[in-house]
Amino acid sequence: MRAVADALVALATRCLGRHRRDWALAMREELEAARADGRSLSFAWGCLTAALRELPRHSEGRYMIASHGLAFVLVIPTAALLVASLMSGFPYSCLAALGGEEPILSAGNLVALPSLALLLVVVAAAHLRIAWLLLERDWAGVFTLGTLLAAVSVTLLLFTGLVFATFVFPLALAAALAIELAAIFALARRHAELFGGASELLD
Amino acid sequence: MLALLRTLSARPRDWRHGYEMMKETGLLSGTLYPLLMRMTDQGLVEAEWRPPALPGRPARHAYRLTAAGLALARGADAEDRPRGLAGASA
């Protein structure tokens, strides 16, 4: 119970940011008074809801909403889509179900499927790691992985085009990655404006 | 907000702590803190770190009404009073 209340107030502190640092410290001190009364959990929960309501009111909070939105709405679902397409057999068959050309599969190119699957696993894993690094604000890591992702995507595009004679789905994936990387770049710029952390990487 | 103004204006010179005000007003922390933040931003409430009552305890954030906050509280009270009297005479 104690650990949960502490975690909720710690999360509230993170949501309040520098802008409301004094208030976050005040909540932490009052938690002790609530604990003495046996109401620490409801107090901590209230602090977290108060902090969440504050998020859109300050620039750091809006940045947090944007970074979590990017991670949970774009980056992680892309990884999930890649894994789902891998599990459905041929990596792009789930996209083929939505309409479009079916890739040509033969005894010759089926040999290359494990390598293609491996590349897609690398892309999916890189997405999950990028989501984590985004939330950690580790921009050096994000840019390193982003570069790797771009390189793997070009390889994927060429590999699939040459071996499976289909460009539609790899191009769709490349377009999705380009949108993702553009969004990450925009977020990095915002981070540099707010905190100055990623500025040297952007120059 | 009225409950908070009323509580703070009852002893306007005293500094109050967040949890103490929660108990007095019946407001939950999720309501009290956003209200206090807004009122502090608007210059109705002043906040300060006060030394602990008991030695060895950490300092606590305390609040009280500013002159503007007190005027607002008294204005709200004055508005409520005729309504209360009208209700009592009806």
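Numbers given for residues are sequential positions, taken from 1 along each chain in its written order. In the order they appear in the text, chains get letters beginning with A and ligands get numbers beginning with 1. Where local features are concerned, this predicted model is filtered to residues with pLDDT of at least 70; where side-chain atom pairs are given and counted, the filter is 80 or more; whole-chain, interface and lining totals use all residues.

1. Notes on the overall build of chain A
Counting from the N terminus, the helices are the DSSP runs of H or I reaching at least four residues and the strands are the DSSP runs of E reaching at least two. In terms of regular secondary structure, chain A is built from 10 helices and zero strands. Residues with at least 20 other C-beta atoms within 10 Å of their own are called buried, those with 12 or fewer are called exposed, and the rest are partly exposed. The C-beta atoms themselves are positioned from the backbone. In chain A, which comprises 203 residues, the share counted as buried stands at 30%. Note on contacts: residues are paired as contacts if their backbone-placed C-beta atoms lie within 7 Å. Residue pairs in contact within chain A that sit at least 24 positions apart in sequence constitute 64% of those at least 6 positions apart.

2. Quick word on the overall build of chain B
Scanning chain B for helices and strands turns up four helices and three strands. For chain B, the proportion of its 90 residues judged to be buried stands at 23%. Contacts spanning at least 24 positions in sequence make up 51% of the contacts within chain B whose residues lie at least 6 apart.

3. Remarks on the environment of V111 of chain A
As for its position among the elements, V111 of chain A is in the loop between α6 (107–110) and α7 (113–136). By C-beta crowding, V111 of chain A is classed as exposed, having 10 other C-beta atoms within 10 Å.

4. Digging into the nonpolar core
Each nonpolar core reported here comprises buried Ala, Val, Leu, Ile, Met, Phe, Trp, Tyr and Cys residues connected via C-beta atoms within 7 Å. The biggest cluster of nonpolar side chains holds 34 residues, and the ones touching the most others in it are V9, A12, M27, A44 and C47 of chain A together with Y33 of chain B. Sorting the residues of this core by element identifies α1 (2–16), α2 (21–36) and α3 (40–54) of chain A together with α1 (2–10), α2 (18–25), α3 (29–41) and β3 (60–65) of chain B as the ones contributing at least two each. Residues within four places of M27 of chain A in sequence aside, it is in contact with V9, A12 and C47 of chain A together with Y33 of chain B.

5. Remarks on the interface of chain B and chain A
How big an interface is tends to be stated in terms of accessible area lost as the parts join. Contacts between the two partners involve 12 residues from chain B, matched on the other side by 16 residues from chain A. Looking at the side of chain B that touches chain A element by element, the count peaks at five residues for α3 of chain B. Among the residues making up the side of chain B that touches chain A, the classes are represented as six nonpolar, five polar and one charged. For this classification, the nonpolar set comprises Ala, Val, Leu, Ile, Met, Phe, Trp, Tyr, Cys and Pro, the charged set comprises Asp, Glu, Lys and Arg, and every other residue, Gly included, is treated as polar.

6. Considering helix α9 (residues 168–195) of chain A
Residues and elements named next belong to chain A. Helix span, as expected, comes to 1.5 Å for every residue beyond the first. Taking 1.5 Å per residue, 28 residues should reach 40 Å; α9 reaches 40 Å between its end C-alpha atoms and fits that length. Taken together, the buried positions of α9 are occupied by F169, P170, L173, L177, I184, L187, A188 and H191. G196 sits one or two positions beyond α9 and adopts a positive phi of about 75°.

7. Focus on α2 of chain B
Of the positions making up α2 of chain B, those classed as buried are G18, Y19, M21 and M22 of chain B. For α2 of chain B, the angular spread of buried residues about the axis comes to 160°, placing them on one side. At its buried positions, α2 of chain B is contacted by α2 of chain A together with α1, β1 (16–17), α3 and β3 of chain B. At the C-terminal side of α2 of chain B, G26 of chain B shows a positive phi close to 80°. Note: the arc covers the axis-to-C-beta directions of the helix.

8. Overview of the packing of α1 of chain B against α2 of chain B
Residues and elements named next belong to chain B. Where α1 meets α2, the closest approach of the two axes is 10 Å, and the angle between their N-to-C directions is 110°. With respect to α2, the element α1 is oriented roughly perpendicular. In this structure, α1 meets α2 at a crossing whose hand is right-handed. Each of A3, L4 and T7 in α1 lies in contact with α2, whose residues at this interface are M21, E24 and T25. Axis angles are defined between N-to-C directions and span 0 to 180 degrees, where every axis is a line fitted to C-alpha atoms and, for a helix, only to the segment in contact. What sets the label is the angle itself: under 35 degrees gives roughly parallel, over 145 gives roughly antiparallel, 65 to 115 gives roughly perpendicular, and the rest give oblique. Left-handed is the label given to a crossing in which the near helix is rotated counterclockwise from the far helix by less than a right angle, and right-handed is the label when the rotation is clockwise.

9. Quick notes on the sheet that holds β1 of chain B
Residue and element names in this part refer to chain B. Spatial strand order, β1-β3-β2: three strands in an open sheet with antiparallel pairing. Since the sheet does not close on itself, it has two edges, and those belong to β1 and β2 (45–50), each with one partner. A pair of strands is considered paired only if DSSP assigns at least 2 bridges between the two. Summarising the sheet, β2 and β3 pair through six bridges and their orientation is antiparallel. Residue pairing across strands places R50 opposite R60, the latter belonging to β3.

10. Let's talk about the environment of F72 of chain A
Residue and element names in this part refer to chain A. By secondary structure assignment, the location of F72 is in helix α4 (residues 59–87). Overall, F72 belongs to the exposed group, with 12 C-beta atoms counted inside 10 Å. For the pair F72 and L128, spaced 56 residues apart in sequence, the C-alpha to C-alpha distance is 9.9 Å.

11. Comments concerning the environment of T25 of chain B
Residue and element names in this part refer to chain B. Summarising the element assignment, T25 is placed in helix α2. Once the C-alpha coordinates of T25 and M1 are considered, the two residues, 24 residues apart in sequence, prove to be 9.8 Å apart. Not counting chain neighbours up to four residues away, the residues in contact with T25 comprise A3, L4 and T7.

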